[in-house]
Amino acid sequence: MVRYAAERLIQAIIAIFGVLTIVFVVMHLSGDPTLLLVPQDASAEMIAQLRQQLGFDRPIWVQYLDYLRGLAHFDFGISVVQRVPAADIVASRVPYTVMLASGALLVAIGMGIPAGIVMATRRGGWLERLLTAIVVTGQSVPTFLSGIVLIFVFGVTLRWLPTSGSGDFVSLIMPSIALGALSMSTFARMTRISIIDELGKDYVRAGRARGLSLSAVVFRHVLRNAAIPVITIAALEIGNLLAGAVIVETVFAWPGIGQLAIQSIQSRDFLVVQVIVLLISFVYVMTSVLADLVYAIVDPRIRMAR
Amino acid sequence: MSARFISIAAALVMLNASTALAQTKDTLTIDLPGDAATLDPHLQWNTDSYSIYRNIFDNLLTRDVKGEIVPQIASSWKYLDDKTIEFQIREGVTFQDGSKLTAEDVAFSINRIIDPKLKSPQLSQFDQIAKAEATSPTIVKMTTKSPYPALLAQLVKLSIVPKAYVEKVGDQEFNLKPLGSGPYKLVNWQKGVQSELEAYSGYWRVKPPFQHVVFRSVPDVSTRIADLKTGKADLIRDVPPDQAESVKGDSNSQILSVPTERVGYLFLNAQAGATKDVRVRQAIAYAIDSKALVEALLEGYGAPVNVVGAKPVFGYTEKVQGYAYDPEKAKELIKAAGAEGAKVEFLTSPAYSRATIEAIQQMVNDVGLNVEISSSDQATFLKRRQGDPANAGGLAFGAWSCACQDADGIIFPLFRTGSIWAKYSNGKYDALVDKARIILDQDERLKLYEQAYEILREDVPGLGLYQAYAVYGANKKLKWQPTANEAMFVTDMSWQQ
């Protein structure tokens, strides 16, 4: 078990290192921030001078080694745009991203799993048809549209919720729904399929034969067995929700790392982008490592097979 | 009339006055597309940053509503010779920590921004200044490298920072906790979220109209408009013309707009590709119906121009004829140049309206060229546009403002041989704009720019399309006249019940 965990960790570090290097090279080859920083009427000499002051005139491999040297000392460098340590900038945005991802996960699980249960047990009924329509809508409407529609309906027309902001709990409601909708559909479909799968098995028939009601069988036995694939999805969705909120964060002016990432890429604020990439790849790799380890703990068969 | 009645009436009047007083607005909320990059006014110069920090700091000089350069921290100035200017510094101005603003602070501010160690992106605006020194507590003497006519126009953008405080806390801390002599002081800066400002009670010039001002960062324009309609924001910046109707349709909101010094222009590569032939460039100039562009795409929030420049800019001239829309003549010129069907690459980035780019493409294709749009992100776009002529595309769109309202900040960097933007070279033109930047005689400069614009008309290395308007959405109760230099001074605003 320990050896298994160690192997997975080493793989994880190699993966993160690879991602960092690729992003570093791609970002540097596609233009440097100097051109975006100077006023329009700056002369070529002025631009060259600033580029030299900021160190972007050095060969890319020198800049890369320099970057790695800093990294080894946990020094992520200073943002050329904001003139503040890059790690501080990203750290100040993380709480917002975690809040939004939690809200979205709550929406996704809280609505998706019950919807999946109902769709699996009331097959052919009007309720299933209604829920199917909602699930399909949730997964096919892009968030920039659903976000604006939500703002228009609940913010501008009904005035129930604030149109933007991040200061209080109510501001979190609409972005959570917009971001959680896609995951909600995934959870609903996964839950429905797993339950339908389980319902065809012998123990369900046996339970019904002994006179248990369908709901009693589902809640006492089926749900527990259907949970494993749903947990797998949850691990993947957490990564998606943390990293995939760029559009929702932009529409709702929610100051998370998605919004920061897109702004930093546009302004070629290399070091901030690097910190974000490091963080997101770390979260992705770690959730998948953790999920693997959790399976091994939860399911003895997986542990034994190693 | 009984005494009792009079006293009741007086009481009513007073009651009225006190409720009116209670109704004055405490907090003004402004939605900007982004947060300030830095609040150190000597670092970043972009609209969102300076919209905020120019309310925290005073400038050496400023512009009045008519656009004239007027005193602010400097109460007067005089030229000692062509390269030396002496500023009289206003007395009785204090920074927000109560300390006195003196000539030392002014000299420090100038020397700080031109010091290469600060790595200021704004250096290019001030690099003609050699040095500044305080010769007395109220006098600053400034020397320029050569006679520099745009000096005053550039100094409008120079914020005065407190020497003692900056030296005490250091550059990094000063950026996070700026302190100025302006009408508002920073209370709290939640990076990426909002900046909260509070009125400085000791401000020398006027009483700040609102006790608090909050600048929020709201990147999406639909969200900014929703904020305005629901009263979450009182003023929003950067409303695209096609969304202005939706603001006007709201009973509590209004559109405030103003013609700016910013000019939308088309770059034509005179050194590579099909556009190397001057007849092709002239044909493109005849092919574009800029009046239609302004009416259909800008919905009137813009005005056609005859040159690459606009009225608020010193050196702008009405005497040079613009190109009239004449597709037949354009076709003839293309035929004469043997360029029918020639491929022309049109560079653009998401910063510019796609509809405008496509409309221009259509107009140019209609007269016989084959325009292909190639869109990339802003950094890549700039790299190509400012790089080697062979790779700079045949056409590119741009929206130019030097925030200095002087032709030296527009047509010099755009078309002077050797400038990064210029894919064009004409010795006669170079001589004119070179001379215009080192003489102080205003009438003489105007004449030089008129001749320079005449050459540009003939050679068409660039084509003025329209003067852009700044478009803001505001609560109907907000009274404010926006200015041509896109500044956002809260002290110019007021609230009317």
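Counting restarts for each chain, with residues numbered from 1 along the sequence as it is written. Here the convention is simple: chains get letters from A, ligands get numbers from 1, in the order in which they are written. Only residues with pLDDT of at least 70 are given local features in this predicted model, and only at 80 or more are side-chain atom pairs given and counted; all residues enter the totals for whole chains, interfaces and linings.

- Per an unreviewed UniProt entry, chain B goes by the name Peptide ABC transporter and belongs to Rhizobium deserti.
- UniProt positions are given in the numbering used here, feature names are shortened, and annotations may be inferred rather than shown by experiment. Taken verbatim from the UniProt record of chain B, the Subcellular location (unreviewed entry) comment is "Periplasm".
- Heading Sequence similarities (unreviewed entry) of the UniProt record for chain B holds this comment: "Belongs to the bacterial solute-binding protein 5 family."

- For chain A, the name recorded in an unreviewed UniProt entry is ABC transporter permease, with Rhizobium deserti as its organism.
- UniProt annotates chain A under Sequence similarities (unreviewed entry) with the comment "Belongs to the binding-protein-dependent transport system permease family."

Describing the overall build of chain B
Working step 1: Regarding its fold elements, chain B presents 17 helices and 19 strands.
Working step 2: Taking 23 Å as the expected radius of gyration for a compact globule of 497 residues, we find that chain B reaches 25 Å, a close match to that expectation.
Working step 3: Per-residue burial for chain B yields a buried fraction of 50% across its 497 residues.
Working step 4: Residue pairs qualify as contacts under a 7 Å threshold applied to their C-beta atoms, which are placed from the backbone. Pairs at least 24 residues apart make up 70% of the contacts formed inside chain B by residues separated by at least 6 positions. Think of it this way: any DSSP run of H or I at least four residues long counts as a helix, any run of E at least two long counts as a strand, and we number them from the N terminus. It is over C-alpha atoms that the radius of gyration is taken, and the globule rule equals 2.2 Å times the number of residues to the power 0.38. Every C-beta atom is placed from the backbone, and the number of other C-beta atoms within 10 Å of a residue's own sets its class: buried at 20 or more, exposed at 12 or fewer, partly exposed in between.

Points about the interface of chain B and chain A
When the parts of a complex come together, some accessible area is lost, and that lost area is often taken as the interface size.
Working step 1: The interface is formed by 43 residues belonging to chain B together with 42 residues belonging to chain A.
Working step 2: Where the side of chain B that touches chain A is concerned, the elements lending two or more residues are α4 (123-126), α7 (171-176), β10 (212-217), α8 (221-229) and α14 (378-385) of chain B.
Working step 3: When the residues that make up the side of chain B that touches chain A are grouped by side-chain class, the tally is 16 nonpolar, 17 polar and ten charged. Each residue is assigned to one class: nonpolar for Ala, Val, Leu, Ile, Met, Phe, Trp, Tyr, Cys and Pro, charged for Asp, Glu, Lys and Arg, and polar for all the others, Gly among them.

Topic: the domain arrangement of chain B
All names here are of chain B.
Working step 1: The split of the chain into domains comes from an automatic or database domain assignment. Examined at the domain level, chain B breaks down into domain 1 (27-37 + 173-258 + 470-495), domain 2 (57-171) and domain 3 (259-468).
Working step 2: With centres defined by C-alpha atoms, the gap from domain 2 to domain 3 works out at 34 Å.
Working step 3: Partitioned by chemical class, the residues of the side of domain 2 that touches domain 3 number four nonpolar, three polar and two charged.

Considering the pairing of strand β17 (residues 462-475) of chain B
In summary, the side chains of a regular strand alternate between the two faces of the sheet.
Residue and element names in this part refer to chain B.
Working step 1: For β17, the tally of buried residues reaches 14 of 14 residues, placing the bulk of the element in the interior.
Working step 2: When DSSP finds two or more bridges between a pair of strands, those strands are recorded as paired. Sheet topology places strand β11 (residues 235-236) next to β17; two bridges connect them, and they run antiparallel. Each bridged residue has a counterpart across the sheet, and for Leu235 the counterpart in β17 is Ala474.
Working step 3: As defined by bridge partners, strand β13 (residues 302-304) adjoins β17 across three bridges and the pair is classed as antiparallel. Bridging from a neighbouring strand, Ala303 pairs with Gln467 of β17.

Examining the packing of helix α7 (residues 143-157) of chain A against helix α8 (residues 170-199) of chain A
Residues and elements named next belong to chain A.
Working step 1: Put simply, α7 and α8 touch, their axes get as near as 9 Å, and they point 150 degrees apart. On the basis of the axis angle, α7 is roughly antiparallel to α8. Classified by chirality, the crossing of α8 by α7 is right-handed. Contacts from Thr143, Ser146, Gly147, Leu150, Ile151 and Phe154 of α7 reach α8 at Met174, Ile177, Ala178, Leu179 and Ala181.
Working step 2: The residue makeup of the contact of α7 with α8, split by class, is eight nonpolar, three polar and no charged. Fitting a line to C-alpha atoms yields each axis, with helices limited to the stretch in contact; the angle taken between N-to-C directions then spans 0 to 180 degrees. Our angle categories are set so that under 35 degrees counts as roughly parallel, over 145 as roughly antiparallel, 65 to 115 as roughly perpendicular, and the remainder as oblique. In this scheme the crossing of two helices becomes right-handed for a clockwise turn of the near helix relative to the far one and left-handed for an anticlockwise turn of less than a right angle.

Quick notes on the nonpolar core
Working step 1: Membership of the largest hydrophobic core comes to 216 residues, with the highest contact counts inside it found for Ile276 of chain A together with Val106 and Ile411 of chain B.
Working step 2: When residues of this core are assigned to their parent elements, the largest contribution, 16 residues, is made by helix α5 (residues 86-121) of chain A.
Working step 3: With residues up to four places along the chain from it excluded, the contact list for Ile411 of chain B reads Val308, Val433, Ala452 and Leu456 of chain B. Defined on buried residues, the nonpolar core groups Ala, Val, Leu, Ile, Met, Phe, Trp, Tyr and Cys residues joined through C-beta atoms within 7 Å.

A closer look at the sheet that holds strand β7 (residues 139-144) of chain B
Residue and element names in this part refer to chain B.
Working step 1: The strand order β4-β5-β7-β6 describes an open sheet built from four strands, whose pairing is antiparallel. The two strands at the open ends of the sheet, each matched to only one other strand, are β4 (74-81) and β6 (129-136). Across the sheet, the mean angle from the axis of one strand to that of its neighbour is 20 degrees, orientation sign disregarded.
Working step 2: Summarising the sheet, strand β5 (residues 84-89) and β7 pair through five bridges and their orientation is antiparallel. Each bridged residue has a counterpart across the sheet, and for Ile85 the counterpart in β7 is Met142.

Overview of the UniProt feature "domain: Solute-binding protein family" (unreviewed entry) in chain B
Working step 1: The positions UniProt marks with the feature "domain: Solute-binding protein family" (unreviewed entry) are residues 68-415 of chain B.
Working step 2: Across residues 68-415 of chain B one finds 30% helix and 26% strand; the C-alpha atoms that close the span lie 27 Å apart.

A short note on the packing of α5 of chain A against helix α6 (residues 126-140) of chain A
Residues and elements named next belong to chain A.
Working step 1: It is at 9 Å that the axes of α5 and α6 come closest, and there the two elements cross at 140 degrees. When the axis of α5 is compared with that of α6, the two are oblique. Classified by chirality, the crossing of α6 by α5 is left-handed. Side by side, α5 and α6 meet where Ala115, Val118 and Met119 of the first sit next to Leu127, Glu128, Leu131, Thr132 and Val135 of the second.
Working step 2: Across the contact of α5 with α6, the residue classes tally to six nonpolar, one polar and one charged.

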